[in-house]
Amino acid sequence: MSTMLSTVFTNTFASALSRLPVPNIWAAGTTQQRTLILGVALAVLSNVLFGVLYAYSSFLAPLSGTQVFVWRMLAMWAALIGYLVISGRLGLHMTQLKKIRGIKQWAWLLLPTPIFLSQFWLFMWAPVNGQGVQTAMGYFLFPLMMVVFGCILFGEKLSRLQWLAVGFAALGVGSEIVRTQSVSWATLWVCGTYPVYYILRRMQGIGALTGLLVDLTIFAPFALAYLLLFAPSSVALVGGSSFFILMLAGLGVLSVLAMKTNVDASQLLPVNVYGMMSYLEPALLFVLAVTVLGNPFESAMIYSYGLIWLGIACLIVHGVRQLSRARKMLPSSTSSTKEQAA
């Protein structure tokens, strides 16, 4: 029963894909091809949902960006607990956490939590405080910084295209610093600390949903205290309005759905494909910040941001090349399998 409930979303999504204008590809393709299509579709859905969430706070006025962040964390915690209970996976995550013993191990586990919370706060605060473009640029730089961190911390070797990507990004950031005599703290905070969060979680061996459960559960009491002590007016506003209750409930459900589809996509897709798909989110955030949210974008920013986008293009080309090489190896292995079967 629990297994069926935990996979119902993916199965439903796969069934919906079969009704789209690609039935021949879906029906005639191999299991690997169908998995790739499903993973790409989940990645696109995840990035679109994150884009919707980026503009969500603008529809919750007069709540401030910080208040929306606090309400989102509580709504997201409730939605995540609900999902884990219904899917029967709450016990699995609790079993993993029970293996952690001692103050040092718990301190090590909780070390990335402040980074996670600060990133989610910035994600909700920036769009309505004129930092939408700068925050989106931080997400553009995030994959490049992951490449650098991987090289420094894990000894990963960089290809020429990856070095070129890092070089273009460095020139772009340097150009922006020269132009403005500074660089946005929002950009630096996203690209400088978010990689640390993922690297720490990777070193800890904690799954994405388990880490999310820990982060949200730790923050929930502080969120309630903040609302009751420092923002009682927002409690009265939300409690007295069915519109705000529905909007915040939707905020929690969309947040968990965005995270769930993102995690599923990361498990279904090859690393290179998933990495390339990750650029869709900052592109959507950038467009939303300039158009829907009306954040300023100066023409002089084109030079520095253009260099960063050149770096991103180099990473995408690198990923396409690696994927192409992997695909060229498939026919030989497939044919040998058929020969063995014959």
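Position numbers for residues count from 1 along each chain, tracking the sequence in the order it is written. Residue-level local features of this predicted model are given only where pLDDT is at least 70; pairs of side-chain atoms are given and counted only at 80 or more, and the full residue set underlies all totals for whole chains, interfaces and linings. Side-chain calculation: all heavy atoms of the structure are included, whereas hydrogens and water are not.

Turning our attention to the overall build of the protein chain. Summing up its helical and strand segments, the protein chain has 16 helices and 0 strands in all. Remark: exposure states derive from per-residue accessible area (1.4 Å probe, protein chains only) relative to the maximum for the residue type, with buried under 20%, exposed over 50%, and partly exposed in between. Here the protein chain, with 342 residues, has 43% of them falling under the buried criterion. Put simply, 85% of the contacts in the protein chain that link residues at least 6 apart link residues at least 24 apart. As presented, the protein chain carries roughly 17,700 Å² of accessible surface, and 70% of it is formed by carbon and sulfur atoms. Numbered from the N terminus, helices here are DSSP runs of H or I no shorter than four residues, and strands are runs of E no shorter than two. The contact criterion used is simple: two residues touch if any of their non-hydrogen atoms lie within 4.5 Å. For accessible areas, the Shrake-Rupley method is used with a probe of radius 1.4 Å. Any residue's cover is judged against the shown protein chains and nothing else.

Turning our attention to a nonpolar patch on the surface. Residues Trp-108, Leu-111, Ile-152, Leu-153, Phe-154 and Met-203 make up a contiguous nonpolar surface patch of roughly 610 Å² in combined accessible area. On the secondary structure map, Leu-153 appears in helix H8 (residues 132–154). Distance thresholds for patches are 9 Å for like charges and 5 Å for nonpolar side chains (Val, Leu, Ile, Met, Phe, Trp, Tyr), applied to residues having over 30% relative accessible area and no salt bridge. One speaks of a salt bridge when a side-chain nitrogen belonging to Lys or Arg is within 4 Å of a carboxyl oxygen belonging to Asp or Glu.

Take the pattern of salt bridges next. Pairing of side chains with opposite charge becomes possible as their charged atoms draw close. Using the criterion set out here, one finds 2 salt bridges in the structure. Among the ionic pairs, Asp-215 bridges to Arg-201, the shortest N-O distance being 2.8 Å. One end of the pair, Asp-215, is in helix H11 (residues 208–229); the other, Arg-201, is in helix H10 (residues 185–204), with 14 residues separating them in the sequence. No difference in accessibility class separates Asp-215 from Arg-201, as the two residues are buried. In this structure, Lys-260 and Asp-264 form a salt bridge, with 2.6 Å as the shortest nitrogen-oxygen distance. Residue Lys-260 and its partner Asp-264 are both found in helix H13 (residues 242–268); the two are separated by 4 residues, about one turn of the helix. For Asp-264, a relative accessible area of 10% translates into the label buried.

Below, the discussion takes up the side chain of Arg-201. Given a relative accessible area of 5%, Arg-201 falls into the buried group. Any pair of N or O atoms that falls within 3.5 Å is considered a polar contact. Within protein, one atom must be able to donate a hydrogen and the other to accept it, and sequence-neighbouring residues count only if both atoms are side-chain atoms. A polar atom in the side chain of Arg-201 sits 2.6 Å from the side chain of Gln-204. Excluding anything up to four places from it in sequence, Arg-201 contacts Leu-109, Pro-112, Thr-113, Ile-206, Gly-211 and Asp-215.

Here is a general trend for soluble globular proteins: nonpolar side chains tend to be buried in one another's company. Leu-60 and Met-73 are the most contacted members of the largest nonpolar core, which has 73 residues in total. Residue contacts for Met-73: discarding those within four places in its chain leaves Phe-116, Leu-117, Phe-120, Leu-216 and Phe-219. To define a nonpolar core, start from buried Ala, Val, Leu, Ile, Met, Phe, Trp, Tyr and Cys residues and group those joined through side-chain atoms within 4.5 Å.

Relative to each other, H8 and helix H15 (residues 280–290) sit at 170 degrees, their axes nearing to 8 Å. Taken together, H8 and H15 sit at an angle that is classed as roughly antiparallel. Residue-level inspection shows Gly-132, Val-133, Ala-136, Met-137, Tyr-139 and Phe-140 of H8 in contact with H15, the latter providing Glu-281, Pro-282, Ala-283, Leu-285, Phe-286, Ala-289 and Val-290. Helix axes are fitted only over the stretch in contact, all axes being lines through C-alpha atoms; the angle between N-to-C directions runs from 0 to 180 degrees. Oblique is the label for any angle not under 35 degrees, not over 145, and not in the 65 to 115 range, which are roughly parallel, roughly antiparallel and roughly perpendicular in turn.

Along the polypeptide, Thr-210 turns up in helix H11. Among the polar contacts made by the side chain of Thr-210, one reaches the side chain of Gln-96 at a distance of 3.0 Å. With residues near it in sequence (within four places) discarded, Thr-210 still touches His-93, Gln-96 and Leu-97.

A word on the packing of H11 against helix H12 (residues 232–239). Closest axis-to-axis distance for the H11/H12 pair is 5 Å, and the angle between their directions is 95 degrees. By the criterion of interaxial angle, the relationship of H11 to H12 is roughly perpendicular. Mapping the contact onto sequence places Leu-227, Leu-228 and Leu-229 in H11 and Pro-232, Ser-234 and Val-235 in H12. Classification used: nonpolar for Ala, Val, Leu, Ile, Met, Phe, Trp, Tyr, Cys and Pro, charged for Asp, Glu, Lys and Arg, polar for all others including Gly. Class assignment of the residues belonging to the contact of H11 with H12 gives a composition of 5 nonpolar, 1 polar and no charged.

With that out of the way, let us pick up unusual backbone geometry. The linkage connecting Ala-61 with the following residue, Pro-62, adopts the cis geometry, with an omega of 10 degrees. With respect to the element layout, Pro-62 can be found in the loop between helix H3 (31–56) and helix H4 (65–87).

Right, let's talk about the environment of Glu-156 for a bit. For Glu-156, the position within the fold is in the loop between H8 and helix H9 (160–180). Residue classification places Glu-156 among the partly exposed residues on the basis of a relative accessible area of 36%. Look past the residues within four positions of Glu-156 in its chain and what remains in contact with it is Gly-150, Cys-151 and Arg-202.

Our focus in this paragraph is the packing of aromatic side chains. The rule is short: rings of Phe, Tyr and Trp, with Trp giving its six-membered ring, pair when the centres are within 6.5 Å, and they are stacked under 30 degrees, edge-to-face over 60, tilted in between. The full count for this structure, using the stated rule, is 14 aromatic pairs. Here Trp-125 and Trp-185 contribute two aromatic rings whose centre-to-centre distance is 5.7 Å and whose plane-to-plane angle is 45 degrees, an arrangement assigned as tilted. With a gap of 60 residues between them, Trp-125 in helix H7 (residues 113–125) and Trp-185 in helix H10 connect regions that are remote in the sequence. Trp-125 gets classed as buried once you look at its relative accessible area, which sits at 18%. Put simply, the rings of Tyr-54, Phe-116, Phe-120, Phe-123, Tyr-139, Phe-142, Tyr-194 and Tyr-197 touch in pairs and so form one group of aromatic residues.

For the rest of this paragraph, the subject is the confidence of the model for the protein chain. Predictor confidence is given residue by residue as pLDDT, running from a minimum of 0 to a maximum of 100. For the protein chain, the average pLDDT comes to 79, and 83% of its residues sit at 70 or higher. When pLDDT is averaged over each helix and strand of the protein chain, the minimum, 50, is found for helix H2 (residues 23–28) and the maximum, 92, for H12. Across residues 1–6 the pLDDT falls below 50, and counting only partners more than four positions away or on other chains, this stretch makes 7 contacts in the model. Between residues 332–342, whose pLDDT stays under 50, and residues either more than four places distant or in other chains, the model counts 0 contacts.

This brings us to the environment of Ile-206. Tracing the chain through its elements places Ile-206 in the loop between H10 and H11. Counting along the chain gives 109 residues from Ile-206 to Leu-97, while the straight-line C-alpha distance between them is 9.2 Å. For Ile-206, the contacting residues outside a window of four places in its chain are Leu-109, Arg-201 and Gly-211.

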